[in-house]
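One letter stands for each residue in the lines below.
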Amino acid sequence: MAVPARTTSVHDAGWVLRSAVAADIEVIAELRATVMRADLERLGRYDEHRVRQRLRDSLSPQHTSIIMLDRELAGCVTVRPAEGRQWLEHFYLAPHCQGRGLGSAVLRTVLERTDAQGMTVGLNVLQGSGARRLYERHGFVVEAQDPIDVFMMRPPGAMASTRAKA
């Protein structure tokens, strides 16, 4: 079932999140390969098969939402409970949907839900990825890092306190 999401000037027609189904996995695997290719190549980690297989092995369709824009698949996001927090995973937007505010709108919606549950959110992003700036704007801070990944977390309500400082 599609749930209307609040839009803010992203696009005229707006966007919705719908629950993922098993049939979405291959489309999401292709999206992941496309979106992550440049960063993985820069880090010397791109493998044509592995980039898709890692998604197939780790995706939890029951925790994944498909981002629909103008009735077309624009991306996906997974919010999976584990280790006493929610994990933001597999957040990918099709390249033609990036840089227009859609990622911020989706992330804001996801974080409003985790804030309402009083949950900390964790994620990891590749070193040097432009996505890190998006996460920092929404209250995520670095917990740890290694040569490949940056591990970030956001306590509940961090968005509200970030807005108050601005």
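If you're wondering where the values come from, they're calculated on a predicted model, not measured in any experiment.

Student: What should I look at first to understand the overall build of the protein chain in this one?
Tutor: Each helix and strand in the protein chain was counted, giving five helices and eight strands. Moving toward the C terminus, one meets the helices and strands of the protein chain in the order β-β-α-α-β-β-β-α-β-α-β-β-α. Counting only residues that meet the buried cut, the protein chain has 46% of its 166 residues in that class. When contacts within the protein chain are restricted to residue pairs at least 6 apart in sequence, those whose partners lie at least 24 apart make up 56%. Total accessible area computed for the protein chain in this model is approximately 8,800 Å², and 51% of it derives from carbon and sulfur atoms.

Student: Before we go on, may I ask you to explain the pairing of strand β6 (residues 121-126) in this structure?
Tutor: Taking burial as the measure, the six residues of β6 include five buried ones, the bulk of the element. As judged from the two bridges shared by strand β5 (residues 85-93) and β6, these two strands associate in the parallel manner. Residue W87 lies in a different strand from β6, and its bridge partner there is G122. Each parallel crossover has a hand, and the one from β5 via helix α3 (residues 102-116) to β6 is right-handed. Of the strand pairs in this sheet, β6 and strand β8 (residues 149-154) are connected by six bridges, and their pairing is antiparallel. Its bridge partner lying in β8, N124 is registered against F151.

Student: Looking at this structure, I do not really get the packing of helix α1 (residues 25-42) against helix α2 (residues 50-58). What am I missing?
Tutor: How two helices sit against one another is set out by the angle between their axes and by the gap between those axes. Following both chains from N to C, one finds α1 and α2 inclined at 130°, their axes separated by 8 Å at the closest point. Looking at the two axes, α1 sits oblique to α2. Considering the relative orientation of α1 and α2, their crossing is right-handed. Only V51, R52, R54, L55 and R56 of α2 make contact with α1, whose side of the interface consists of I25, E26, I28, A29, E30, R32, A33 and L40.

Student: Help me understand the pattern of salt bridges in this model?
Tutor: Should their charged atoms come close, side chains of opposite charge can pair. Counted according to the given criterion, the structure contains 11 salt bridges. Here D24 and R18 are joined by a salt bridge, their closest N and O atoms 2.9 Å apart. Overall, the relative accessible area of 8% leaves D24 in the buried class. Taking the shortest distance from any N to any O, the salt bridge between R52 and E48 comes out at 3.1 Å. On the accessibility criterion, R52 (13% relative accessible area) is buried. When salt bridges with common partners are traced through the structure, they connect E30, R37, E41, E48 and R52 into a single cluster.

Student: Hey, could you run me through the packing of aromatic side chains in this one?
Tutor: By convention here, two paired aromatic rings are described through the distance between centres and the angle between planes. By the definition in use, this model includes one aromatic pair. For the ring pair Y135 and F140, a centre distance of 5.7 Å and an interplane angle of 70° mean the geometry is edge-to-face. With relative accessibility at 7%, the residue Y135 sits in the buried group.

Calculation criteria
For every chain, the first residue of the written sequence is number 1, and numbering continues from 1 along that sequence. Local features are withheld for residues below a pLDDT of 70 in this predicted model, meaning they are given only at 70 or higher, and side-chain atom pairs are given and counted only at 80 or more; totals for whole chains, interfaces and linings count all residues. Remark: hydrogens and water are excluded; side-chain values derive from all non-hydrogen atoms of the structure. Only DSSP runs of H or I reaching four residues or more are called helices, and only runs of E reaching two or more are called strands; each is numbered from the N terminus. For each residue, the accessible area found with a 1.4 Å probe, counting protein chains only, is set against the maximum for its type, and the residue is called buried under 20%, exposed over 50%, and partly exposed in between. For this analysis, residues touch if any pair of their heavy atoms sits within 4.5 Å. Using the Shrake-Rupley algorithm and a 1.4 Å probe, accessible areas are obtained, with residue cover drawn only from the displayed protein chains. When DSSP finds two or more bridges between a pair of strands, those strands are recorded as paired. A clockwise course of the path from the first strand over the helix to the second, judged with the strands pointing away from the viewer, identifies a crossover as right-handed. Axis angles are defined between N-to-C directions and span 0 to 180 degrees, where every axis is a line fitted to C-alpha atoms and, for a helix, only to the segment in contact. Should an angle fall under 35 degrees it is called roughly parallel, over 145 degrees roughly antiparallel, and 65 to 115 degrees roughly perpendicular, with every other angle called oblique. By the definition used in this description, the sense in which the near helix is turned from the far one sets the handedness, with an anticlockwise turn below a right angle giving left-handed and a clockwise turn giving right-handed. We define a salt bridge as a side-chain nitrogen of Lys or Arg found within 4 Å of a carboxyl oxygen belonging to Asp or Glu. Pairing of aromatic side chains here covers Phe, Tyr and the six-membered ring of Trp, requires ring centres within 6.5 Å, and sorts the geometry by plane angle: under 30 degrees stacked, over 60 edge-to-face, intermediate tilted.

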